[in-house]
Amino acid sequence: MRVVITGGAGFIGSHLCDVLLEDGHEVVVLDNLITGSLENISHLFGHERFRYLKMDVTDFLHVEGEVTHIFHMASPASPADFPQFPIQILKVGSLGTHKALGLAKQKGARFLLASTSEVYGDPEVHPQTEDYWGRVNPVGPRGVYDEAKRFAEAMTMAYHRTHGVETRIVRIFNTFGPRMRLCDGRVLPNFLTQCLSGEPLTVYGDGSQTRSFCFVDDLVEGIIQLMAKGPSDPVNIGNPNEITILEFAEKIKAATQSSSEIVFRPLPQDDPKVRRPDITRARNLLGWEPKISIEEGLDRTIPNFKARLKMS
Ligand code: UDP
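Participant: What's the story with the packing of aromatic side chains in this structure? I'm lost.
Facilitator: The geometry of an aromatic ring pair comes down to the distance between the two centres and the angle between the two planes. Going through the model one piece at a time under the given rule, you end up with 8 aromatic pairs. Measuring from ring centre to ring centre gives 6.0 Å for phenylalanine 45 and phenylalanine 50, while their planes differ by 65°; the resulting arrangement is edge-to-face. Both rings, one in phenylalanine 176 and one in phenylalanine 215, keep their centres 5.6 Å apart while their planes meet at 70°; by these two values the pair is edge-to-face. Taken as a pair, phenylalanine 176 in strand E7 (residues 175-176) and phenylalanine 215 in strand E10 (residues 214-215) lie far apart in primary sequence, 39 residues in all. As far as the burial class goes, phenylalanine 176 and phenylalanine 215 line up, both buried. An aromatic cluster of at least three residues, connected via ring pairs, comprises Phe45, Phe50 and Tyr52. Between the NZ or CZ atom of arginine 308 and the centre of the ring of phenylalanine 305, over which it lies, the distance is 4.8 Å.

Participant: I keep staring at the site of the ligand and nothing clicks. Help me out?
Facilitator: As a structural note, the neighbourhood of the ligand is formed by 18 residues, with Thr202, Tyr204, Arg211, Asp271 and Arg275 the closest of them. At 3.0 Å, a side-chain N or O of arginine 142 approaches an oxygen atom of the ligand. Between the ligand and the protein, one listed contact pairs an oxygen atom with a side-chain N or O atom of asparagine 174 at 2.8 Å. Those elements giving two or more residues to the shell around the ligand turn out to be helix H4 (187-196) and strand E8 (201-204). Among the residues making up the shell around the ligand, the classes are represented as 7 nonpolar, 5 polar and 6 charged.

Participant: How should I be thinking about the nonpolar core in this particular structure?
Facilitator: Across soluble globular proteins, you tend to see nonpolar side chains buried next to one another. Judged by nonpolar contacts, the single largest core of 55 residues is most densely connected at Phe71, Met73 and Ile223. Looking at this core, the element that brings in the most residues is helix H5 (residues 216-229), giving 7 residues. Residue contacts for methionine 73: discarding those within four places in its chain leaves Ile5, Thr6, Gly7, Ile12, Leu16, Leu112, Ala114, Ile172 and Ile223.

Participant: Where do I start with helix H1 (residues 11-22) in this structure?
Facilitator: Along an α-helix, residues three or four positions apart point the same way, because every turn accommodates 3.6 residues. In this model H1 runs 17 Å from its N-terminal to its C-terminal C-alpha over 12 residues, within 8% of the 16 Å that 1.5 Å per residue would give. Burial runs high along H1: 10 of the 12 residues are buried. Among all positions in H1, only Phe11, Ile12, Gly13, Ser14, His15, Leu16, Cys17, Asp18, Leu20 and Leu21 are buried.

Participant: Would you explain unusual backbone geometry in this entry?
Facilitator: With glycine set apart, most residues show a phi of negative sign, and most peptide bonds adopt trans. In the segment running from histidine 126 into proline 127, the intervening peptide bond is cis, with an omega of -10°. By secondary structure assignment, the location of proline 127 is in the loop between strand E5 (110-116) and helix H3 (143-163). With an omega of 15°, the peptide bond running from glycine 230 to proline 231 counts as cis. Mapped onto the fold, proline 231 is located in the loop between H5 and strand E11 (235-237). Even without glycine at this site, glutamine 257 takes up a positive phi of about 50°. By secondary structure assignment, the location of glutamine 257 is in the loop between helix H6 (245-256) and strand E13 (262-265). We note that aspartate 270 has phi near 65°; this positive angle belongs to a residue other than glycine. Tracing the sequence through the fold places aspartate 270 in the loop between E13 and helix H7 (280-286). The class for aspartate 270 is partly exposed, based on a relative accessible area of 29%.

Participant: Can you help me understand the sheet that holds E5 in this one?
Facilitator: Adjacent strands of a sheet pair through backbone hydrogen bonds, lying either parallel or antiparallel. Spatially, E3-E2-E1-E4-E5-E6-E11 is the arrangement adopted by the 7 strands of the open sheet, whose pairing is parallel. Of all strands in the sheet, those bounded by a partner on one side alone are strand E3 (50-54) and E11. Here the average twist between neighbouring strands, direction ignored, is 20°. Running over the sheet, H1 touches strand E1 (2-6), strand E2 (26-31), E3, strand E4 (69-72) and strand E6 (167-172) and is turned about 170° from E1.

Parameters at a glance
- Residues numbered from 1 in each chain as written.
- Predicted model: local features only at pLDDT ≥ 70, side-chain atom pairs only at ≥ 80, totals over all residues.
- Heavy atoms only, no water.
- Phe/Tyr/Trp six-rings, centres within 6.5 Å; stacked < 30°, edge-to-face > 60°.
- Helix = DSSP H or I, 4+ residues; strand = E, 2+ residues; numbered from the N terminus.
- Buried < 20%, exposed > 50% of the residue type's maximum accessible area, 1.4 Å probe, protein only.
- Lys NZ or Arg CZ within 6 Å of the ring centre and 35° of its normal.
- Near = heavy atom within 4 Å.
- Polar contact = N/O pair within 3.5 Å; in protein donor to acceptor, adjacent residues only side chain to side chain.
- Nonpolar A, V, L, I, M, F, W, Y, C, P; charged D, E, K, R; others polar.
- Core = buried A, V, L, I, M, F, W, Y, C linked by side-chain atoms within 4.5 Å.
- Contact = heavy atoms within 4.5 Å.
- Expected span 1.5 Å × (residues − 1).
- Pairing = 2+ DSSP bridges.
- Axes fitted to C-alpha atoms, helices over the stretch in contact; angles between N-to-C directions.

Put into structure tokens, the structure is as follows:
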């Protein structure tokens, strides 16, 4: 396989690079580094099957030679990015997806869109199945991301139906692991850096809202299986092990043996109250399910955060 990964210098994209290179494939990363980082892929520079091109996929997309697969992972993805990069997020989901699909059509490549559980918004169906249409506020602070991804899914299906491009849509639920930005703003980087630097843990609201956290290695395995096997309909990939944010804070405190206190801060607008993937489709069609517990995932993540906190 000669694979293009948009957003390959990001958190999930860079882990995908590692696994695909290990499996013997050639990897071309396109990234504009607005939220990605060269630090995530610096260990790959000099690898004979790896190439990095600094490119904004919303502007222009040209890759020389054969391309067999495109993983379209590019987008800022933390709620903290939404007010900072609203137009870039809308552009990469719309124009960027259009350009990446155009490249897939031109090269005869198979295409995978990294979509999100955010397409379900603040859900009324729990756990979320792929046939649920969601409850999204288009004009709220999360709308820029949610609607960009919903548009991206529609564009992906249009290229599949109109041009016969082989496509996949993965709806990614909360994921964590090494290389998440220290100042990412999402709950795990916040709690972990707070524990490791002896600061209070900032729980938003009363902490009763739930999420379901998947370790990045499990997620990447699911994405690769989906690319290989299909279907073209969306597939949830995530860990159905649902916990409250307050429980998550306690788990991170225990894993880091931190004595940081927990403080409560206002709940951001439109923050989903519950989230848990129904992964029946992934189980049945891909034979995939997550294997790594939150505790084990934290043990694998903490050394990476410790190393970077000492550096910074
Ligand atoms: N959250 C929190 N404290 C933080 C950061 C986030 O309590 O310092 C909460 C946030 O309000 C949400 C959950 O943790 O309910 C997950 O937030 P995150 O930003 O990680 O991603 P989301 O799942 O909302 O996209």
